[in-house]
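Listed below are the residues making up each chain.
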Amino acid sequence: MQPLPKKYDFSEIERKWQQKWEDMGIYRFDWNDAKRTPFTIDTPPPYPSGEFHMGNILNWTYFDIVARYKRMRGFNVLFPQGWDCHGLSIEIQVEKEHKIRKRDVPPDQFRGWCEQLIERYIAIMKDAILKLGCSIDWTTEYRTMDPDYWRRTQLSFILLHKKGFMYQGTHPVNWCPRCETAIADAEVDYEKRQGALHYIRFPLEGSKEHLLIATSRPEFIPACVAVEVNPEDERFKKYIGKKIVVPIVNRAVTIIGDEAVDPDFGTGVVQICTYGDKEDVKTVMKHKLPVITLLTENGRITENGGKYAGLTVNQARKAIVEDLSAAGLLEKTETLMQEVGVCDRCKSHVEILERKQWFMKTRALTDQVEKTANEVVWYPDYMKTRLIDWAKSLDWDWVISRQRVFATPIPVWHCKNCGELILAEEDWVPIDPKLENPHVDKCPKCGGTAFTPEHDVFDTWMDSSITCAVHAGWPDREDWHRLFPADVHPSGIDIIRTWAYYLMVRHLALFNETPYKSCLINGMVLGSDGRKMSKSLKNYVAAPEVLGKYGSDATRQWAAGGGATGSDIPFRWPDVEYGRRFLVKLWNVSKFAIKLLEGYAPSETVEFELQPLDKWVLSKAEKLTQKVTDALEKCQFNIAVEEIRNFTWHALCDCYVEAVKDRLYRPETHGEAKRAAAQHALYEVLYRILQLLSPVTPHLTEEIYQAMYADYKGYKSLQLSPWPEFNQALADDQAEEHGDLIIAVIGEVRREKAEKRLPLNTQIKKLTVYAGDQKTAEIIKEGNVDIAGTCKVSNLEVLAKKGSGRTLSEYPEVTFTAEYEG
Ligand SMILES: [Zn+2]
Ligand SMILES: [Zn+2]
């Protein structure tokens, strides 16, 4: 055994072990190992944002605890790391940084800038992941912007196209006019914003009467294609089928009836425009109404808007309201709180536009998604309804094309002559159709030789929703099914509707199989004020600050112990501080143990005579092992951490070590075999704590292991030691009951000394314990070595009868009297 340094210097210890583990290669997945069962973690490749925040710390701590635990359980663990590079927010940041719009520069140059920015961001995040001590196999690192990854995304598209899951169609899509691209339902956030409800008179054709329409979007009046009322509404049903004049454009449209109209909202009369909202889309489809395109891709009014053409949506609204008012058609305006859909990247108001897009037939899979989600194990279980509810709520198929630059190209062309679609063959990819022609001489349909490339690119989720297969080695490894489905897909509660869902539909469509066997969900990190941590709320704490101040092991304890898996977890400095104090306690008890264990050479041949307290602590360590194993199997990290901390702090440090010190210090009085018993128990119990704790706080536990155990246990790292199995032979309820009583006697005597303001080592001339009955007396007598030793008793007498004196608080039948020296 080697001594530990006096002071626990986390930064030195953590840096040292992070480097050594990497050098030892102990996190490498062994692709050639046919013996151990593989365990695959579908690490979600993060979107490089230039910072690793406390939410990321929470995610990666969860992933890493699972990885380290499973490795100790004997699995061949695949813990990969990729980076999900493409996306709108990088484009937006490059535009800001270079003060340009993406269309201002050649696509190659723009792409290059995006790649540079991504690399900068990856470096920052990677550094934080390393500092957190994650046991990632860095030989697996990949970037979705690399052509080799394009190949996989494009190949999956080709396969799905051949299976009939991909189609091009003109459908209304969510559109961000700022980003000038289609976006998926999952990329639409909803915000409460104050708007206005305008009451506008629509004259009935050939009549002096009018109907009053309440709308929050008067700018869409030029695109009004019908007016709608509820056919049950006595006030208006007589008008159904009649014509009404749309003000401003003076065009007559038909009044139609539909049960979807809420007679109590507004005036009960609704204008249908293309498209003011998703309800308009439904109505237009249902009643086969014409479509008037009112908005351009950058959110301006088209020529269909007449005199308002060229205005922005907001300018048009203002102008139209003024014109309505001047014409005497605006009856009144009320303020209105409304939920509006905004782009999740730039927060612009999302519009609905009709444009030719690529879609994946996802709604056709909804029943299969529900069935599969019910078969997957969810941690915690109730999270599965989030996925199922989301899948069922979707109105539209997934729009997978985007109008961006920094993305994976869609590998198709069209014949210039006849329009025939040319889909890339599986062995053409990776390919950028904008730079390369299809590898065919002529159009198979008309023989034409000129082709138009597809300019649209893939939604980022097309890259990242095949990770379960990619991590397993698809399509290159023949044996990729050995690692598929992934054993666990870890994800945040906020991205179940994207990540967990897209993975599911994509893999079901491709392979007709679930992508993951289980799904581990983490909640959000809240600021100290209880609201979601965010820079704008000023409750934000940067991860490097926390790691710098307290180190990885303390921070990981916060993440693991902060709350139940799946629930939101507040960040509080005192929680991290508590984690650090616990580590210092473990450090100090280990140093003390090294002293107490001086001369002890653990071996099978050492003879020892276990005392009740040794059996007590050994049994409790077995029960702890059972509880911690059970908790980790269920991904209940907070329970595991609490159990270990309580046991270490109370059972080991406060009770056991205090009670056996004398036996360890004075073998001449108590005998070698009794000392060896305490040494054995102390040594093994501390080892057990280190093992159980090592998935959560790998650095400190490794440091102590190397000093005290490596020579005897023989594993080159604690991380390579096998997870302890619960040993029924050592779990002994009776020993625990007896030990509890002996501990209670020692505790009460020490309390009396403290109350009398006597030093704890004050000698007691005579201690008389009145046990109350014969059985209790015998149990206390079994512990006499430790009671007398710890309490410094010269003469210990244990009587079966009831007596007087001080009562043990937990055992009211038991009392004692003590005669002190001096
Ligand atoms: Zn946007
Ligand atoms: Zn053709």
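Residues numbered from 1 in each chain as written. Chains lettered and ligands numbered in written order. Predicted model: local features only at pLDDT ≥ 70, side-chain atom pairs only at ≥ 80, totals over all residues. Heavy atoms only, no water.

Draft legend 1. Summary view of the pairing of strand β29 (residues 811–820). The sheet contact formed by strand β26 (residues 764–770) and β29 spans six bridges and is antiparallel. Directly across from T768, in β29, lies its bridge partner T817. Counted between consecutive antiparallel strands, the loop separating strand β28 (residues 806–808) from β29 contains two residues. (Pairing = 2+ DSSP bridges. Helix = DSSP H or I, 4+ residues; strand = E, 2+ residues; numbered from the N terminus.)

Draft legend 2. Structural detail: the sheet that holds strand β5 (residues 166–176). Taken in spatial order, the four strands make up an open sheet running β6-β5-β14-β16, and their pairing is antiparallel. A strand with exactly one partner marks an edge of an open sheet, and here the two such strands are β6 (181–183) and β16 (398–399). Pairing of β5 with strand β14 (residues 351–360), which is carried by ten bridges, proceeds in the antiparallel orientation. For N174, the partnering residue across the bridge sits in β14 and is I352.

Draft legend 3. Here's a closer look at the pairing of strand β23 (residues 518–522). Among the five residues that make up β23, five are buried, leaving the element largely enclosed by the rest of the structure. Where burial is concerned, the two faces of β23 agree: the one with S518, L520 and N522 and the one with C519 and I521 are both buried. Note that strand β15 (residues 377–379) and β23 share three bridges and pair parallel. Within β23, the position partnered with W378 by the bridge is C519. In the sheet, strand β22 (residues 489–492) pairs with β23 via four bridges, with the strands oriented parallel. Following the sheet pairing, G492 is matched in β23 by N522. Handedness of the β22-helix α12 (residues 496–511)-β23 crossover: right-handed. (Buried < 20%, exposed > 50% of the residue type's maximum accessible area, 1.4 Å probe, protein only. Right-handed = clockwise from strand over helix to strand, strands pointing away.)

Draft legend 4. Up close: the coordination of the zinc ion (ligand 1). At the metal site, the zinc ion (ligand 1) is ligated by C176 (SG), C179 (SG), C343 (SG) and C346 (SG), and these contacts range over 2.2 to 2.4 Å. Geometry at the zinc ion (ligand 1) is tetrahedral, judged from the four donor atoms that bind it and their angles of 101 to 123° at the metal. Sequence positions of the donors to the zinc ion (ligand 1) reduce to the motif C-x2-C-x163-C-x2-C. Take C176 and C179: they sit in the same class, and that class is buried. (Donors = N, O, S within 2.8 Å, 3.2 Å for Na, K, Ca; no water. Tetrahedral: all angles 85-135°; square planar, octahedral: opposite > 155°, others 65-115°.)

Draft legend 5. How the structure looks around the coordination of the zinc ion (ligand 2). Every protein donor of the zinc ion (ligand 2) is listed here as C415 (SG), C418 (SG), C443 (SG) and C446 (SG), and their distances to the metal cover 2.2 to 2.3 Å. Between the four donor atoms coordinating the zinc ion (ligand 2), the angles at the centre fall across 101 to 115°, so the site counts as tetrahedral. Between consecutive donors of the zinc ion (ligand 2), the numbers of intervening residues give the motif C-x2-C-x24-C-x2-C.

Draft legend 6. Seen up close, the packing of helix α15 (residues 612–633) against helix α18 (residues 672–693). Two elements in contact, α15 and α18, have axes separated by 9 Å at closest approach and are oriented at 15°. Looking at the two axes, α15 sits roughly parallel to α18. Both α15 and α18 take part in a crossing whose hand is left-handed. Each of D614, V617, L618, A621, E622, L624, T625 and V628 in α15 lies in contact with α18, whose residues at this interface are A677, A678, H680, A681, V685, R688 and L692. A per-class count over the contact of α15 with α18 returns ten nonpolar, two polar and three charged. (Axes fitted to C-alpha atoms, helices over the stretch in contact; angles between N-to-C directions. Parallel < 35°, antiparallel > 145°, perpendicular 65-115°, else oblique. Left-handed = near helix turned anticlockwise from the far one by under 90°. Contact = heavy atoms within 4.5 Å. Nonpolar A, V, L, I, M, F, W, Y, C, P; charged D, E, K, R; others polar.)

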